[in-house]
Amino acid sequence: MLDFKDTRTAFSIKSDRDIRRAFFMYKMISYPWLVKIANPMIRFASAIRFPINWIVKPTVYAQFCGGETIEECAPVIDKLKEGDVYSILDYSVEGSEEEKVIEQALEETLRVIDYAAGNDHIPFTVFKPTAFAKSKALEVLSTSETPDEESLREGDKFRERVNRLCERAHGYGIPIMIDAEDSWYQEIIDTVVMEMMALYNKEKPIVFNTYQMYRHDRLERLKKDHATAKKNHFFMGAKFVRGAYMEKERERAEEMGYEDPIQPDKAATDRDYDLALKYTLENIGDFAVFNGTHNEESSRYMAELMDELKIARDDNRCWFSQLYGMSDHISFNLAKAGFNVAKYVPYGPVKFVLPYLMRRAEENTSVKGQTSRELMLLKKERNRRRN
Ligand SMILES: Cc1cc2nc3c(=O)[nH]c(=O)nc-3n(C[C@H](O)[C@H](O)[C@H](O)COP(=O)(O)OP(=O)(O)OC[C@H]3O[C@@H](n4cnc5c(N)ncnc54)[C@H](O)[C@@H]3O)c2cc1C
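**Considerations on the pairing of strand β8 (residues 341–347)**
Most of β8 is tucked away, with seven of its seven residues classed as buried. Of the two faces of β8, both are covered, the one formed by Val341, Lys343, Val345 and Tyr347 as well as the one formed by Ala342, Tyr344 and Pro346. Relative to β8, strand β1 (residues 86–91) runs parallel, the two sharing six bridges. Bridged to Ile88 within β8 is Tyr344. Relative to β8, strand β7 (residues 318–323) runs parallel, the two being bridged by four bridges. By the bridge assignment for β8, Phe320 is matched with Val341.

Here's what the structure looks like:
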């Protein structure tokens, strides 16, 4: 029986000092007004090149990031392994419109793939597709029936870059996941990722697409993609998340007068999330499943379904994942029960990772109950250690 309240397991790799720091960080994040004023202040300080590393790095950065470089993440990877939790290095630098920056991101992601291939504590690689193309072109290619020449050229470059990454990962036999972002970029990304699956998933699932189940059309899309994969004899890699950009999606749809792509309510998102997990696990012969969530119920649901369907807990096609610094009670308790668990470990230079950190702080403030849950668990563990 899974016990997510077992804080001894949840924080087994954390020292008393780590617990104190995590408690302090979550306490800070629990004040929405503080997050609200900290955001523009940090952005401003960064813009005028006021040194902020000394305050950010030992605090919020240390809580949510692995290090500034791949090599700096090594101790974090080793530490997570002590609790049987694997790592996925996530180069968390935001996308750019500059060709030079795009090429740099590509080289860095290739380096991560090489590094992962040589480290058996890193079972996956990942990238954000918007890092590899100009956003306008992705939008045009996703939303227009008659894209202009320049967008088509950009689309070809995007496809080439994604192909380089998938080809490299395939060469090592290491799975590669493509994150999902704003819906107005997603159609071209889905198209290219399906092409990559057709190329590289012939023997086993190597390329994974991401399905954001807060979109009301994703369950149908998943089934359609599955039918395509079956017809063309390749495996599907499916990563599931609820989706991180709900407010932005709704605002844009309202502003531009198109149908809101988001589910009508949270219950509908939760329902489709479970249905997607069920569908893929029932068809596990065709799939590899990656459950990216901080929701205890979704994690428990998949674990129970696996047991029910007699899928071995350590079956290499089934993975659970949480972000580094968050929901350790889910990660470490699942791992202790014998399931495959990997943490997304974001890394990159402090000033480039700031937008990621801001999002984490905002998400923890806005996702109902998340911060209070972390604080309650940390407090429980602190008391347990004192007695
Ligand atoms: C390993 C990992 C990888 C991730 N990769 C991606 C990625 O590639 N792309 C991406 O977008 N996000 C990604 N995320 C973020 C993920 O989408 C967020 O964690 C998620 O938004 C929080 O949902 P939850 O499943 O943890 O749990 P919960 O806290 O149960 O769900 C909160 C989520 O439910 C949805 N929701 C809330 N209210 C409503 C409502 N009124 N109507 C409809 N839906 C609602 C929203 O998606 C909201 O974020 C990733 C997360 C993890 C852990």
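From this point, things continue past the structure.
**Some words on the site of the ligand**
For the ligand, the set of nearby residues contains 26 residues, the closest of which are Asp179, Arg242, Gly292, Thr293 and His294. For the shell around the ligand, the secondary-structure elements that each account for two or more residues are β4 (207–212), α12 (266–282) and β7. When residues of the shell around the ligand are assigned to their parent elements, the largest contribution, three residues, is made by β7. Grouping the constituent residues of the shell around the ligand by class yields ten nonpolar, twelve polar and four charged.

**Digging into the pairing of strand β5 (residues 236–241)**
Within a regular strand, side chains alternate between the sheet's two faces. Where burial is concerned, most of β5 is hidden: five out of the six residues are buried. This β-α-β element, β4 to helix α10 (residues 218–231) to β5, shows right-handed connectivity. Two strands pair when backbone bridges link them, and β5 and strand β6 (residues 287–292) are joined in this way by five bridges, in the parallel orientation. Bridge assignment links Met236 to a residue of β6, and that residue is Phe287.

**Some thoughts on the domain arrangement of the protein chain**
Per the domain assignment, the segments making up the protein chain are domain 1 (1–65 + 361–387) and domain 2 (69–347). Taken together, the contacts link 15 residues of domain 1 with 20 residues of domain 2. Of all the secondary structure elements, the ones that give two or more residues to the side of domain 1 that touches domain 2 are α1 (7–10), α4 (53–64) and α16 (370–386).

**With respect to the nonpolar core**
Counting residues in each nonpolar core, the largest one holds 102 residues, and the members touching the most others are Leu89, Met197, Val207 and Ala238. When residues of this core are assigned to their parent elements, the largest contribution, nine residues, is made by helix α9 (residues 183–200). Composition of this core by domain shows at least three residues from each of domain 1 (1–65 + 361–387) and domain 2 (69–347). If sequence neighbours within four positions are ignored, Leu89 has contacts with Gly66, Ile70, Cys73, Val112, Ala116, Ile122, Val345 and Tyr347.

The rules behind each value
- Residues numbered from 1 in each chain as written.
- Predicted model: local features only at pLDDT ≥ 70, side-chain atom pairs only at ≥ 80, totals over all residues.
- Buried ≥ 20, exposed ≤ 12 C-beta atoms within 10 Å, placed from the backbone.
- Helix = DSSP H or I, 4+ residues; strand = E, 2+ residues; numbered from the N terminus.
- Pairing = 2+ DSSP bridges.
- Near = placed C-beta within 6 Å.
- Nonpolar A, V, L, I, M, F, W, Y, C, P; charged D, E, K, R; others polar.
- Right-handed = clockwise from strand over helix to strand, strands pointing away.
- Domains from an automatic or database assignment.
- Contact = placed C-beta atoms within 7 Å.
- Core = buried A, V, L, I, M, F, W, Y, C linked by C-beta atoms within 7 Å.

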